[in-house]
Amino acid sequence: MSQKLQCQVCDYTEPIPMHCMQPMHIEKIEGTEKLVCWMGPTCGVQALPFHHDRPMRIESTDEED
């Protein structure tokens, strides 16, 4: 099972950005959700991408080999 960023309105998905060789996760920084490095916000922070004027969410997906 893997994870991707997914639009809240449609089926659009995109890969989760990587930082320090690991996928980033969503965390609130100063009241705003951001993508954060697995090592913490002092290492790396990015704005969440938007699609249909809404922030994308991390969703689990089944991948077939």
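For the structure itself, consult the block above.
Residues numbered from 1 in each chain as written. Predicted model: local features only at pLDDT ≥ 70, side-chain atom pairs only at ≥ 80, totals over all residues. Heavy atoms only, no water.

### Here we look at the environment of Met39
Let me state the cut-off plainly: Put simply, DSSP marks the helices as runs of H or I at least four residues long and the strands as runs of E at least two long, and each gets a number from the N terminus on. Summary of the burial criterion: residues with accessible area below 20% of their type's maximum are buried, those above 50% are exposed, and those between are partly exposed, where the area comes from a 1.4 Å probe applied to protein chains only.
Within the element layout of this structure, Met39 appears in the loop between β6 (32-36) and β7 (45-47). Of the residues examined, Met39 reaches a relative accessible area of 52% and is grouped as exposed. Once the C-alpha coordinates of Met39 and Gln22 are considered, the two residues, 17 residues apart in sequence, prove to be 9.3 Å apart.

### Quick look at the state of the cysteines
Selection rule: Cysteine sulfur pairs qualify as disulfides if the two atoms are within 2.5 Å.
This model, assessed by the stated rule, comprises zero disulfides. Free cysteine Cys37: the closest other cysteine sulfur is in Cys43, separated by 3.8 Å. By relative accessible area, which is 0% here, Cys37 ends up buried. There is no disulfide at Cys43, and the cysteine sulfur nearest it, in Cys20, is 3.4 Å away. Given a relative accessible area of 34%, Cys43 falls into the partly exposed group.

### Observations regarding the sheet that holds strand β2 (residues 13-14)
Quick note on the threshold: A strand pair is defined by DSSP finding two or more bridges across the two strands.
The strand order β2-β1-β10 describes an open sheet built from three strands, whose pairing is antiparallel. On the outer flanks of this sheet lie β2 and β10 (57-61), each paired with one strand and no other. In terms of strand pairing, strand β1 (residues 2-6) meets β2 through two bridges, oriented antiparallel. In the sheet register, Leu5 faces β2, and the bridge partner there is Glu14.

### With respect to the pairing of β1
Across five bridges, β1 lies against β10 in antiparallel orientation. Directly across from Lys4, in β10, lies its bridge partner Glu59. The hairpin turn running from β1 into β2, its antiparallel successor, is six residues long.

### Points about the sheet that holds β7
In a beta sheet, neighbouring strands pair by backbone hydrogen bonds and run either parallel or antiparallel. Selection rule: A fitted line through C-alpha atoms represents every axis, and for helices the fit uses only the stretch in contact; the resulting angles, taken between N-to-C directions, go from 0 to 180 degrees.
If you walk across this open sheet you meet the three strands as β5-β6-β7, and the pairing is antiparallel. In this open sheet, the two strands that pair with only one neighbour each are β5 (25-29) and β7. Ignoring which end each strand starts from, the neighbouring axes of this sheet average 50° apart. Across five bridges, the pairing between β5 and β6 is antiparallel. Paired with Lys28 across the bridge in β6 is Glu33.

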